[in-house]
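# Inside the fold
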Amino acid sequence: MTEASVFEGKKAVYFTLGCKLNFAETSTIGRLLKEMGVRTVRAGERADICVVNTCSVTEVADHKCRQAIHKLVRQHPGAFVVVTGCYAQLKPEQVSAIDGVDLVLGAEQKGDILRYLEERLPLLPAERKLADAEHEAYTVPTKDIHTFVPSCSCGDRTRYFLKVQDGCDYYCTYCTIPYARGRSRNGSIASLVRQAEQAALEGGREIVLTGVNIGDFGKTTGESFLDLVKALDRVEGIARYRISSIEPNLLTEEVLAYCAESRAFMPHFHIPLQSGSDEVLKLMRRRYTTKFFAEKISRVKELIPDAFIGVDVIVGTRGETEECFEEAFEFIRSLDVSQLHVFSYSERPGTMALKIEHSVSPEEKHSQRLLELSDAKWEAFYRRYIGTEAEVLLEKSRTEGVMHGFTANYIRVELPVEENLDNQIVRVRLGDFNVDRSALRATLL
């Protein structure tokens, strides 16, 4: 059993990059450390422990991870620095070579962080670390990833993030996630329901279902994503669920139909497209066509007309000619979606995409055009609801004097602060855009 004395009185800071799954896992790490007597640093304090949970989906993500580590080392001299996540899993040597890093844990070792901290913290007190020029990071050897590590936590936000699945069996040519996260695996429905029930007991009102490929849920337990959705919908106290991201071919007719009539599943979907060109989709080894994707979006809107739909798009992948991009742009423009999440392709070592001959130069990557299209679609979606009434789950904002929250269909709203409304669902009337155009102003009804 871990001794609390190793951790008692310590202060920690947490930094997360990447997907909602990473944020869920960081929240769980924070909860584990809090239970051992570690508190989160306050403004102006120096941390004893820094935890960086990394992403490695692109080269830009790797660069941001390195920047974050360097910044935390500067801000918290003498702190014990732990780096975990996908970047640590895929490139542990690079991470361990960064000055100031003490412990490198792969993606599959996050659940063991207390054990490794207990072992390493007493060996490297801050005063020794500052004086020891020969200090090197301890890198935990990576291993085959096969264990599902549960996670359900809310961090400093109102929403809880429930990890329902991990890993991916899709080997898309551009992607390293299966190597960083391993094969698809999941918790049982019974265990996930218990975690949702605990979140409700703690006052949680909304849960976001997270995972790497959550539509693949059930491979290790013989269950289905539809069965999970139905079971969670019956948990008393949880008023809202959101599905973080689901592949178009795994968002089945049965799941859609159930969500359209469910008690608590919100009209909000995040559906990766990646390219609007069938030629590029084949090069990517995606498992659908543009025709299939368009029909899926139409079906969502037919069953759930108010649904907010976010779509992932990659720009400039190998093999994407100018003609392919223009075809993709026109296809995406034709879709009734609410927002685009645009990523510029970067080459990842070990991926099959490197065997595709045509490489797209940075100048040929038209990310800005898609970002402008996204802004236009997002604003049009918001404008459609100005003057309407909606229910909003409110939470305290980092902006002084206001509260923020989201409608069921993921429209961000802003209201003047009222302390008793934190984590409450209220009915409002939606007004025009706020000053920075990040939300709609709203008034209580």
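Up top is the structure.
Described in the following lines is the structure provided in the data block. (Residues numbered from 1 in each chain as written. Predicted model: local features only at pLDDT ≥ 70, side-chain atom pairs only at ≥ 80, totals over all residues. Heavy atoms only, no water.)

## Concerning the packing of aromatic side chains
- Under the definition given, this model contains 11 aromatic pairs.
- Plain terms: the ring middles of phenylalanine 308 and phenylalanine 381 are 5.3 Å apart, the flat faces sit at 90° to each other, and that makes the pair edge-to-face. Here the residue phenylalanine 308 occupies a position in strand 14 (residues 308-315), and phenylalanine 381 occupies one in helix 14 (residues 367-383), the gap between them amounting to 73 residues.
- By relative accessible area, which is 2% here, phenylalanine 308 ends up buried. (Phe/Tyr/Trp six-rings, centres within 6.5 Å; stacked < 30°, edge-to-face > 60°. Helix = DSSP H or I, 4+ residues; strand = E, 2+ residues; numbered from the N terminus. Buried < 20%, exposed > 50% of the residue type's maximum accessible area, 1.4 Å probe, protein only.)

## Notes on the sheet that holds strand 1 (residues 11-16)
- In space, the 6 strands of this open sheet follow the order 2-1-3-4-5-6, with parallel pairing throughout. Every interior strand has two partners, whereas the edge strands, strand 2 (39-40) and strand 6 (138-139), have only one.
- Looking at chain direction, strand 1 and strand 2 are connected through 2 bridges and run parallel. When the bridges of strand 2 are listed, lysine 11 appears paired with arginine 39.
- Contacting strand 1, strand 3 (49-54), strand 4 (80-85) and strand 5 (101-104), helix 2 (residues 59-75) runs over the sheet at an angle of about 175° to strand 3.
- Sitting on the sheet, helix 5 (residues 113-120) is in contact with strand 3, strand 4, strand 5 and strand 6, with an inclination near 155° to strand 4. (Pairing = 2+ DSSP bridges. Contact = heavy atoms within 4.5 Å. Axes fitted to C-alpha atoms, helices over the stretch in contact; angles between N-to-C directions.)

## Notes on the environment of lysine 163
- Counting through the fold element by element, lysine 163 comes out in strand 8 (residues 160-163).
- Residue classification places lysine 163 among the buried residues on the basis of a relative accessible area of 2%.
- Sequence-wise, lysine 163 and valine 95 are 68 residues apart; in three dimensions their C-alpha atoms are separated by 26 Å.
- Non-local contacts of lysine 163, meaning those with residues more than four positions away in its chain, are made with Leu21, Glu25, Phe148, Val149, Ser151, Leu192 and Thr210.
- A distance of 2.9 Å separates a polar side-chain atom of lysine 163 from the backbone oxygen of valine 149. (Polar contact = N/O pair within 3.5 Å; in protein donor to acceptor, adjacent residues only side chain to side chain.)

Function-wise, these values are silent; they only describe arrangement.
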